[in-house]
Amino acid sequence: MVAAGRPRRSCLAVPGSSLKMLDKARGLPADQVFLDLEDAVAPLAKPAARKNVVAALKEGGWGGKTRVVRVNDLTTPWTYRDVVEVVEGAGAGLDCVMLPKVQSASHVEWLDLTLTQIEKALGLEVGRIGIEAQIENAAGLVNVDAIAGASPRVETIIFGPADFMASINMRSLAVGALIPEYPGDPYHYILMRLLMAARMHDKQAIDGPFLQIRDVDGFREVARRSAALGFDGKWVLHPGQIEAANEVYSPAQEDYDHAELILDAYEHYTSEAGGRRGAVMLGDEMIDEASRKMALVIAAKGRAAGMRRTSTFSPEG
Ligand code: GLV
Ligand code: MG
């Protein structure tokens, strides 16, 4: 199954308190920007940040980027004002609200109802604004199936590794890095759990930040792990990480070409002209309906990334 939605290979975090970064983010080649009102903004700076974010969304100039605002989580006193101010002020210029530290389906249901209220009051299309649910603690992970299915507005399930590591007392300060004392990938279970919930409800799965922003090779290494499992994209905290994310979460050219070949070959061989065959050889590889489904995933990612084929299919004589 191909998770529905807009491309989100690179999701750029922009602190709502920084006018300079809000301005600079417009010109960067990220698939998504999220203007942050949560942890990148100090408590005393939050009211001013809301105003900056509203002004930045109203001003526009974001090109084809998905425009998201991360509000504060529902254990704080700020969430309702974040949502009301941002959506009333700039709802038409906003694609999704990101809710961090989601712990149960009721958090998503609250946001869904609140968005509906504001959309109705303002005469905006009801249901257009999506929800991104960030999972950052054990309760969120245990309840992630219900969270992913809590509203049709949910577009993504996002891993928040820094908060998650703190909440489960993981003995590491290096987000995403392997832990020498542990003989395996300490994130494997969490990533797979999030991915299963996301795919069960046809949502996108997004990996969280990598904090060593000057270590682009380190970023690539961590990103490759979640991309290999099937994640759709990753947060980027610095312009230097954007290109790496766009590359890692797009298929390799060779894989994209191969996927398109499988689709063409399968279509041909299952047709009347191709002999109505269900399982055939493509070079040294046997392909069937399951191969078509796998190829469709890679081809869809490549097409969404604007890739072009460098080979064509021709039936063997
Ligand atoms: C992001 O919010 C994280 O906690 O990693
Ligand atoms: Mg967090």
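Residues numbered from 1 in each chain as written. Chains lettered and ligands numbered in written order. Predicted model: local features only at pLDDT ≥ 70, side-chain atom pairs only at ≥ 80, totals over all residues. Heavy atoms only, no water.

Undergrad: Now, about the site of ligand 1: what can you tell me, with residues and values included?
TA: Every residue near ligand 1 is listed here: Arg-70, Gln-134, Glu-136, Gly-160, Pro-161, Ala-162, Asp-163, Pro-209 and Trp-235. Between Ala-162 and ligand 1, the recorded distance is 2.7 Å, taken from a backbone N or O atom to an oxygen atom. In isolation ligand 1 offers 190 Å² of accessible surface; the protein chains occlude 93% of this area. Top element by residues in the shell around ligand 1 is helix α7 (residues 161-167). It accounts for three residues. Each residue belonging to the shell around ligand 1 can be placed in one class, and the counts come to four nonpolar, two polar and three charged. (Near = heavy atom within 4 Å. Polar contact = N/O pair within 3.5 Å; in protein donor to acceptor, adjacent residues only side chain to side chain. Areas by Shrake-Rupley, 256 points an atom, 1.4 Å probe, with all protein chains shown as cover. Helix = DSSP H or I, 4+ residues; strand = E, 2+ residues; numbered from the N terminus. Nonpolar A, V, L, I, M, F, W, Y, C, P; charged D, E, K, R; others polar.)

Undergrad: How would you explain the nonpolar core if you had to name every residue and give the values?
TA: Proteins that are soluble and globular tend to have nonpolar side chains buried together. The biggest cluster of nonpolar side chains holds 68 residues, and the ones touching the most others in it are Leu-12, Leu-35, Leu-57, Val-69, Ile-157 and Leu-194. With near-sequence residues (within four places) excluded, Ile-157 lies in contact with Ala-133, Ile-135, Val-144, Ile-147, Ala-148, Leu-194, Ala-198, Gln-204, Ala-205 and Ile-206. In terms of nonpolar packing, the next biggest core, distinct from the first, is built from 13 residues, Ile-262, Leu-263, Ala-265 and Leu-282 among them. (Core = buried A, V, L, I, M, F, W, Y, C linked by side-chain atoms within 4.5 Å. Buried < 20%, exposed > 50% of the residue type's maximum accessible area, 1.4 Å probe, protein only. Contact = heavy atoms within 4.5 Å.)

Undergrad: Just give me the short version of the UniProt feature "domain: HpcH/HpaI aldolase/citrate lyase" (unreviewed entry) in the chain, but keep the residues and values in it.
TA: As annotated by UniProt and renumbered to match this structure, "domain: HpcH/HpaI aldolase/citrate lyase" (unreviewed entry) occupies residues 9-239. Across residues 9-239 one finds 42% helix and 17% strand; the C-alpha atoms that close the span lie 14 Å apart. (UniProt positions renumbered as here; feature names shortened; annotations may be inferred.)

Undergrad: Please set out unusual backbone geometry residue by residue, giving values where relevant.
TA: The backbone phi angle of Lys-101 is positive, close to 50°, even though this residue is not glycine. Its place among the elements puts Lys-101 in the loop between β4 (96-99) and α4 (105-122). At Asp-202, a position not held by glycine, the phi torsion is positive, near 60°. Relative to the assigned elements, Asp-202 resides in the loop between α8 (188-200) and β7 (204-207).

Undergrad: Could you give an account of the pairing of β4, naming the residues involved and the relevant values?
TA: By the alternation rule, side chains of β4 split into Cys-96 and Met-98 and Val-97 and Leu-99, which are all buried. With three bridges connecting them, strand β3 (residues 66-70) and β4 associate as parallel partners. Looking across to β4, one finds that Val-68 is bridged to Cys-96. The pairing of β4 with strand β5 (residues 130-135) spans four bridges and is parallel. By the bridge assignment, Cys-96 is partnered in β5 with Gly-130. (Pairing = 2+ DSSP bridges.)

Undergrad: Break down the packing of helix α11 (residues 253-270) against helix α12 (residues 289-304) for me, citing the residues and quoting the values.
TA: Taken N-terminus to C-terminus, the directions of α11 and α12 make an angle of 135°; their axes are 8 Å apart at the nearest point. With respect to α12, the element α11 is oriented oblique. For the element pair α11 and α12, the recorded crossing hand is left-handed. Taking contact as the criterion, the partners of Asp-255, Tyr-256, Ala-259, Glu-260, Ile-262, Leu-263 and Tyr-266 in α11 are, on α12, Glu-289, Ser-291, Arg-292, Ala-295, Leu-296, Ile-298, Ala-299, Gly-302 and Arg-303. Considering only residue class, the contact of α11 with α12 consists of nine nonpolar, two polar and five charged. (Axes fitted to C-alpha atoms, helices over the stretch in contact; angles between N-to-C directions. Parallel < 35°, antiparallel > 145°, perpendicular 65-115°, else oblique. Left-handed = near helix turned anticlockwise from the far one by under 90°.)

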